Structures are given as C-alpha cells and as structure tokens.
Amino acid sequence: MTQRDLLWRGLGVALVVVATSVRVADGDGTHAAASLVAFILTLTGLVLIVQGKRVPAALRVERSRHRLLAQAIRVRRHKRTDDGNA
C-alpha cells in the first residue's frame, strides 16, 4: 500500500471518527441536521476507507471531458460488429 493510499484511508478513518463524535455529542438525536451531516460524513469516510486512492481518481475522471470515452468506444465496436454480421 502506497503512502498516498494510506493518506486517503486515514482521511476516511478521520471522517468516521468526526461523524461519530458529532452524533455522540448530539446526545438525544433531536437535531436532524447534525444527524444527517454525521451520516453523510460516515458514508464518505467508509468509502474512502474501502476504496482508498481510487476515489479521487474516479472523481477526476467524472469531471473530465473524456468521461464518456469508454462508452463511446463500446458503442462504436458494437456497431462495427453488427455491420460485419449483416
């Protein structure tokens, strides 16, 4: 595991710890906004713990111009194989 991967996983652990402390500090759970924020932070932290450095790479791909490139290649290949069978 690389240093960058450990950094992202450590950030995930930190998010889960922060979310848990927000939820525990809320006490009786009457603040719906705090509970929702804690839930979102927990989910984000768990994704970072499991996926590590792949999360920022996936986000970069989704924001790039080429996010649909793989789908376009598949469509073009599918058209090409359909034309050859006709």
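Let me sum up the structure you'll find in this document. Worth saying up front: this structure is predicted, and the values here are computed from it rather than measured. (Residues numbered from 1 in each chain as written. Predicted model: local features only at pLDDT ≥ 70, side-chain atom pairs only at ≥ 80, totals over all residues. Heavy atoms only, no water.)

Our focus in this paragraph is the pattern of salt bridges. Under the definition given, this model contains one salt bridge. The salt bridge involving aspartate 5 is made with arginine 9; its shortest N-O contact spans 3.1 Å. Within this pair, aspartate 5 and its partner arginine 9 are both found in helix α1 (residues 3-26), separated by four residues, close to a single helical turn. (Salt bridge = Lys/Arg side-chain N within 4 Å of Asp/Glu carboxyl O. Helix = DSSP H or I, 4+ residues; strand = E, 2+ residues; numbered from the N terminus.)

Attention now moves to α1. Here α1 spans 34 Å end to end across 24 residues, near enough to the 34 Å set by a 1.5 Å rise per residue. Buried within α1 we find Asp5, Gly12, Leu15, Val16, Ala19 and Asp26. The elements touched by buried residues of α1 are α2 (32-51). (Expected span 1.5 Å × (residues − 1). Buried < 20%, exposed > 50% of the residue type's maximum accessible area, 1.4 Å probe, protein only. Contact = heavy atoms within 4.5 Å.)

On the surface, Arg76, Arg77, Lys79 and Arg80 cluster together into a positively charged patch. Taking the relative accessible area as the measure of exposure, arginine 77 reaches 52% and is therefore exposed. (Patch = residues over 30% accessible without salt bridge, like charges linked within 9 Å, V, L, I, M, F, W, Y side chains within 5 Å. Areas by Shrake-Rupley, 256 points an atom, 1.4 Å probe, with all protein chains shown as cover. Lys, Arg positive; Asp, Glu negative; His and termini not counted. Charge placed at Lys NZ, Arg CZ, Asp CG, Glu CD.)

Keep in mind these numbers describe shape, not what the thing actually does.
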